[in-house]
Amino acid sequence: MHGIRTRANAQSPRYSLVLPIYNEEEVLPRLVERISLLVGQLDAGAEVIFVDDGSHDGSVKYLRRMVAAEPSFRLIELSRNFGHQIAITAGMEAAAGEAIIVMDADLQDPPEVVLDLVAKWKEGFEIVYARRTRREGESWFKRMSASLFYRVLEKMTPVEIPRDVGDFRLVGRKALETFKRMPEHDRFVRGMFGWMGFKQAAVSFERPARTLGETKYPFWKMVHLAVHGIISFSEKPLRLALWAGLVVSALAVLFGAYAIFAWLFEAGILAGWTSTVVVVSLLCGINLFMTGVVGLYVGSIHAEVKRRPLYVVDRLNGFDRSVRVASSDRRTSFRKAENGVAADVRTLRQL
């Protein structure tokens, strides 16, 4: 990613928007329209970096047309699906702006909130994250499990990771350079920014329901993200395994003492194998559970020591062009175009 900028693009934009894309063909026309309006409202030049994470629908073809029509758009095509956290990383490493905004492409992260993030950043905060105050369109189970996840994560990790905060945030250049020096493969991006420190602030927003496309984070993916978030930033599961092993060992010693006492005095011994099977099954289950906890950490170590690249780029689009700096006249035209739609947006929608 360090060599993708050319002399034509030497003048860096002030803002870089990073949007990971995975099978979002249905939502892309509305997304492009709202992102284009947002770029027109910003006070300086901006680039929009779409990162295709191995989509197998028409997302890539559509984005290629958009990039060809709009100088501020860029497209990174990864060689396969590497995952949401890796796609975010690829886009951030390619960003050239002073302020980098990461947001999802499903419009549940409203582009208009970016203006509030920028305003807070101008007050001197290095990291500004968007906090969800309301989650529309989600079941009670999803809300309950998300709330439980954030509370467990808060108790398990020494790093302060804000509750009800996803990856929608603005990151200053200083924080981005720190992020780029963190090469771990088992990535939990929101935890990585929490670990940095710096001066951080929150902007609250109501998260709308998804109206187009399907969620890319079903329950099992959320569990996977939660487990790896805890593994990445906490050693408490290992300590829990140690203490649980000590407690089980102590109970086994007590039970053994009771068995010897009962054998000596011929009292309380029951014929049969039920109690033996229960105890052995319990001990085996605990042992396997603790082995699994240790295995998660060993697996993370294995992924790190191989030192493979985080991702593979198949194709780059639009990085050889300079951004179009938004003047005050142009920003006004975005807001006051006829029929309520900017001319640039109409052009994009015709493609």
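## Some remarks on the packing of aromatic side chains
Okay, so step 1: Evaluation of the coordinates by the stated rule reveals 4 aromatic pairs.
Okay, so step 2: Consider the rings of Y15 and W121, whose centres lie 6.1 Å apart with planes at 70°: the pair is edge-to-face. Taken together, the positions of Y15 in strand β1 (residues 15–21) and W121 in helix α4 (residues 113–121) put the pair 106 residues apart, joining distant regions of the chain. Take Y15 and W121: they sit in the same class, and that class is buried.
Okay, so step 3: The side chain of K199 reaches across the aromatic face of F125, ending 4.9 Å from its centre.

## Re the nonpolar core
Okay, so step 1: Ranked by size, the top nonpolar core spans 40 residues in total, and within it Y15, L17, L31, I35, F50, L117 and F168 carry the most contacts.
Okay, so step 2: Of the residues forming this core, the biggest block, 6 residues, is contributed by helix α1 (residues 28–41).
Okay, so step 3: Apart from the residues lying within four places of it in its own chain, the contact partners of F50 are L19, I21, L31, L63, F73, R74, L75 and I76.
Okay, so step 4: A95, V171, V189 and M192 belong to the second largest nonpolar core, which has 28 residues in total.

## Things to note about the packing of helix α6 (residues 173–180) against helix α7 (residues 189–196)
Okay, so step 1: Interhelical geometry of α6 versus α7 gives an angle of 115° and a closest axis separation of 10 Å. Comparing the axis directions of α6 and α7 gives the class roughly perpendicular. Seen from above, α6 lies across α7 with right-handed handedness. For the pair α6 and α7, the contacting residues are A175, T178 and F179 in the first and V189, M192, F193 and M196 in the second.

## Quick look at the packing of α1 against helix α2 (residues 59–69)
Okay, so step 1: Put simply, α1 and α2 touch, their axes get as near as 11 Å, and they point 30° apart. Classified by the interaxial angle, the pair formed by α1 and α2 is roughly parallel. Handedness of the crossing formed by α1 with α2: right-handed. Where α1 approaches α2, its residues L28, P29 and V32 are matched on the opposing element by S59, Y62, L63 and M66.
Okay, so step 2: Split by residue class, the contact of α1 with α2 holds 6 nonpolar, 1 polar and no charged.

## Regarding a nonpolar patch on the surface
Okay, so step 1: A contiguous nonpolar surface patch, about 310 Å² in accessible area, is contributed by V247, L251 and L254.
Okay, so step 2: Judged by its relative accessible area of 48%, V247 is partly exposed.

Procedures and definitions
- All residue numbers refer to positions counted from 1 along the written sequence of the respective chain.
- The model is predicted, so local features are restricted to residues of pLDDT at least 70 and side-chain atom pairs to those at 80 or more, both for listing and for counting; the totals for chains, interfaces and linings are taken over all residues.
- Remark: hydrogens and water are excluded; side-chain values derive from all non-hydrogen atoms of the structure.
- Whether two aromatic rings pair depends on their centres lying within 6.5 Å, for rings of Phe, Tyr and Trp, where Trp uses its six-membered ring; planes under 30 degrees apart make the pair stacked, over 60 edge-to-face, and the rest tilted.
- Runs of H or I in DSSP of at least four residues are treated as helices and runs of E of at least two as strands, each being numbered from the N terminus.
- The rule is simple: take the accessible area with a 1.4 Å probe, protein chains only, and divide by the maximum for that residue type; under 20% is buried, over 50% is exposed, in between is partly exposed.
- Geometrically, a charge over a ring is one whose NZ (Lys) or CZ (Arg) sits within 6 Å of the ring centre while staying within 35 degrees of the ring normal.
- Here, nonpolar core means buried Ala, Val, Leu, Ile, Met, Phe, Trp, Tyr and Cys residues that are tied together by side-chain atoms lying within 4.5 Å of each other.
- Here, two residues are considered to be in contact whenever any of their heavy atoms come within 4.5 Å of each other.
- Axes, fitted as lines to C-alpha atoms, cover a helix only where it is in contact. Angles between the N-to-C directions of the axes lie from 0 to 180 degrees.
- Geometric relationships in this document are graded by angle, where less than 35 degrees denotes roughly parallel, more than 145 denotes roughly antiparallel, 65 to 115 denotes roughly perpendicular, and other angles denote oblique.
- Crossing handedness is read from the near helix: turned anticlockwise from the far helix by less than a right angle, it gives a left-handed crossing, and turned clockwise, a right-handed one.
- Residue polarity follows a fixed list, in which Ala, Val, Leu, Ile, Met, Phe, Trp, Tyr, Cys and Pro are nonpolar, Asp, Glu, Lys and Arg are charged, and the others, Gly among them, are polar.
- Here the term patch refers to residues with relative accessible area over 30% and no salt bridge, with like charges joined within 9 Å and nonpolar side chains (Val, Leu, Ile, Met, Phe, Trp, Tyr) within 5 Å.
- Per-residue and other accessible areas were derived by the Shrake-Rupley procedure at a 1.4 Å probe size, with only the shown protein chains allowed to occlude residues.
- Here, a salt bridge means any Lys or Arg side-chain nitrogen found within 4 Å of an Asp or Glu carboxyl oxygen.

These figures capture arrangement, not role.
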